[in-house]
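Each chain, written out:
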Amino acid sequence: MSEFIQVDALLQVVVAGAIVGAGLPALFALGVRLLAPAGGAALAVEGASSGTDAAGPTTARPSGVRLAAAVLCFGTVLAACAVGIWFLASGGH
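Remember, it's a predicted structure, so these values are computed and weren't measured experimentally.

Q: Hey, could you run me through the overall build of the protein in this one?
A: If you tally the helices and strands in the protein, you get 2 helices and 2 strands. The buried share of the protein, taken over its 93 residues, is 9%. Intrachain contacts of the protein at a sequence separation of at least 6 include 69% that bridge at least 24 residues. Accessible area for the protein stands at about 7100 Å²; split by element, carbon and sulfur atoms hold 71% of it.

If you want it as structure tokens, here you go:
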């Protein structure tokens, strides 16, 4: 292309930016979605007539598999942030 543009370095930056800039937020959003009630059920609102019993409003809890997958998503995002901070603090470029 040009002697001023290093295509392989440009591709590395684009791939890293796509992973960090879009992949990690998407993984976090997936974890949040996995914590939401299954089947699109809405959470009960305090004072609403449906979904309440004598003890108060009820909420749907995610299954164990969904909870484990959400924890895995959040852990991966936290680990990536920790590695990025460690990389920058150690003098990486």
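Q: Could you clarify how one ought to interpret the environment of Cys 81 in this entry?
A: In this structure, Cys 81 sits in helix α2 (residues 64–89). Here Cys 81 falls in the partly exposed class, since its relative accessible area comes to 42%. Counting along the chain gives 57 residues from Cys 81 to Leu 24, while the straight-line C-alpha distance between them is 9.2 Å.

Q: Could you clarify how one ought to interpret a nonpolar patch on the surface in this entry?
A: Among the surface-exposed residues, Phe 4, Ile 5, Val 7, Leu 10, Leu 11 and Val 14 lie close enough to one another that they form a single nonpolar patch of about 610 Å² accessible area. Along the polypeptide, Val 14 turns up in helix α1 (residues 7–35). Since its relative accessible area comes to 49%, Val 14 is described here as partly exposed.

Conventions adopted
Residues numbered from 1 in each chain as written. Predicted model: local features only at pLDDT ≥ 70, side-chain atom pairs only at ≥ 80, totals over all residues. Heavy atoms only, no water. Helix = DSSP H or I, 4+ residues; strand = E, 2+ residues; numbered from the N terminus. Buried < 20%, exposed > 50% of the residue type's maximum accessible area, 1.4 Å probe, protein only. Contact = heavy atoms within 4.5 Å. Areas by Shrake-Rupley, 256 points an atom, 1.4 Å probe, with all protein chains shown as cover. Patch = residues over 30% accessible without salt bridge, like charges linked within 9 Å, V, L, I, M, F, W, Y side chains within 5 Å. Salt bridge = Lys/Arg side-chain N within 4 Å of Asp/Glu carboxyl O.

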